[in-house]
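# Commentary on secondary and tertiary structure
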Amino acid sequence: MKSSYPMPDFRKIYQGGIGKYQLEEILLHISLHEEDFPVIFELIFDSDKQVAFRAAWTIEKVSAKWPQWFGENQISRCTDLCLTTKHTGMHRLLISILRYLPVPDPIPVNLYNALYYWMLQPGFSIGVQSLSMKLLHKYAKTNPDLLQEFLIILEQTDPSEYTPAFYASRINILKHYK
């Protein structure tokens with residue numbers, strides 16, 4: 001049943017900037033008005049990069065709480081944007097969003113390969129590296145051969161080439177397989 005309230009102007013809200021408190025208000029609103037989710041989702045593709053980033057922050061929280069709200073098309077669009085964005089923060093948020101969503105079948109090969117690249121290139125932020133590692137792990141667990149390859153690659157990484165945070169993420173994954 002559609003409610004008869006005036007929909008907030010989310011784009012205007014995001015243009016003005018949001019903090020954690022405003023984010024919680026938006027999430028409360030969405031929990032009561034699921035029909036507004038697609039409006040906010042579309043804002044991650046906005047030409048204003050700040051609006052897109054703030055919308056992605058919201059969508060990341062939505063993906064953690066309500067992954068069932070995401071359809072195949074939305075997952076595909078998040079994947080495509082993740083592969084093409086040059087905005088580091090947006091990149092990190094999109095990987096995090098995908099981490100909360102069901103594993104696609106089949107796993108997109110271009111994303112899978114890109115996750116390895118992002119994880120293993122020291123030039124990427126630790127957030128991107130760590131989230132790439134976690135998403136790769138989630139995907140690899142669906143196939144014994146992929147998992148074996150993933151674990152071998154993690155075991156062969158040289159700790160001197162990565163940050164302590166990267167290495168801690170690596171150890172946390174590997175300890176489950178010893």
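Below or above, wherever it landed, is the structure these notes cover. Given the structure is predicted, the values throughout are model-derived calculations rather than measurements.

## Side note on the layout of surface pockets
- Taken as a whole, the largest pocket holds about 190 Å³ of empty space.
- In this structure, the largest pocket is lined by Glu-72, Ile-75, Ser-76, Thr-79, Asp-80, Leu-83, Pro-104, Asp-105, Pro-108 and Asn-110.
- Per-class residue counts for the lining of the largest pocket are four nonpolar, three polar and three charged.

## What about helix α10 (residues 164-174)?
- Among the residues making up α10, those that are buried are Phe-166, Ser-169, Arg-170, Ile-173 and Leu-174. Buried residues of α10, viewed axially, fall in a sector of 130°; they line one side.
- Tucked into the core, α10 has its buried residues touching α7 (109-120), α8 (126-140) and α9 (144-156).

## Some points on the environment of Leu-136
- Note on placement: Leu-136 falls in helix α8.
- For Leu-136, a relative accessible area of 0% translates into the label buried.
- Ignoring anything within four residues of it in the chain, the contact list for Leu-136 reads Tyr-112, Leu-115, Tyr-116, Met-119 and Phe-150.

## Some words on the packing of helix α4 (residues 49-65) against helix α6 (residues 88-100)
- For the pair α4 and α6, interaxial distance at closest approach is 9 Å and the crossing angle is 20°. By the angle between their axes, α4 is roughly parallel relative to α6. The chirality of how α4 crosses α6 is left-handed. Facing α4, whose interface residues are Ala-52, Phe-53, Ala-56, Trp-57, Ile-59, Glu-60, Ser-63 and Ala-64, α6 presents Gly-89, Met-90, Arg-92, Leu-93, Ser-96, Ile-97 and Tyr-100.

## Here we look at the nonpolar core
- Core analysis: the largest hydrophobic core is formed by 55 residues, its most contacted members being Tyr-14, Ile-44, Phe-70, Leu-98 and Phe-150.
- Leaving out residues up to four positions away in the same chain, Phe-150 has contacts with Tyr-116, Met-119, Met-133, Leu-136, His-137, Ala-140 and Ile-173.

## As for unusual backbone geometry
- In this structure, Pro-106 follows Asp-105 across a cis peptide bond, with omega equal to 5°.
- Note on placement: Pro-106 falls in the loop between α6 and α7.

## Examining the pattern of salt bridges
- For the structure on display, the rule yields three salt bridges.
- The partner of Glu-42 in a salt bridge is Arg-77, and the shortest N-O contact between them spans 2.5 Å. Here Glu-42, found in helix α3 (residues 37-42), pairs with Arg-77, found in helix α5 (residues 72-84); they are 35 residues apart in sequence, far enough to count as distant.

## Some words on the state of the cysteines
- Enumeration according to the criterion identifies zero disulfides in this entry.
- Summary of cysteine pairing: Cys-78 is not part of a disulfide, and the nearest cysteine sulfur, belonging to Cys-82, is at 8.6 Å.
- You can call Cys-78 buried: its relative accessible area is 0%.

Rules used throughout
Residues numbered from 1 in each chain as written. Predicted model: local features only at pLDDT ≥ 70, side-chain atom pairs only at ≥ 80, totals over all residues. Heavy atoms only, no water. 1 Å grid on protein atoms, 1.4 Å probe; cavity = no way out; pocket = protein on both sides within 12 Å on 5 of 7 lines; lining within 4 Å. Points joined across faces, edges and corners; volume = space filled by probe spheres on them. Nonpolar A, V, L, I, M, F, W, Y, C, P; charged D, E, K, R; others polar. Buried < 20%, exposed > 50% of the residue type's maximum accessible area, 1.4 Å probe, protein only. Helix = DSSP H or I, 4+ residues; strand = E, 2+ residues; numbered from the N terminus. Arc of directions from axis to C-beta. Contact = heavy atoms within 4.5 Å. Axes fitted to C-alpha atoms, helices over the stretch in contact; angles between N-to-C directions. Parallel < 35°, antiparallel > 145°, perpendicular 65-115°, else oblique. Left-handed = near helix turned anticlockwise from the far one by under 90°. Core = buried A, V, L, I, M, F, W, Y, C linked by side-chain atoms within 4.5 Å. Salt bridge = Lys/Arg side-chain N within 4 Å of Asp/Glu carboxyl O. Disulfide = S-S within 2.5 Å.

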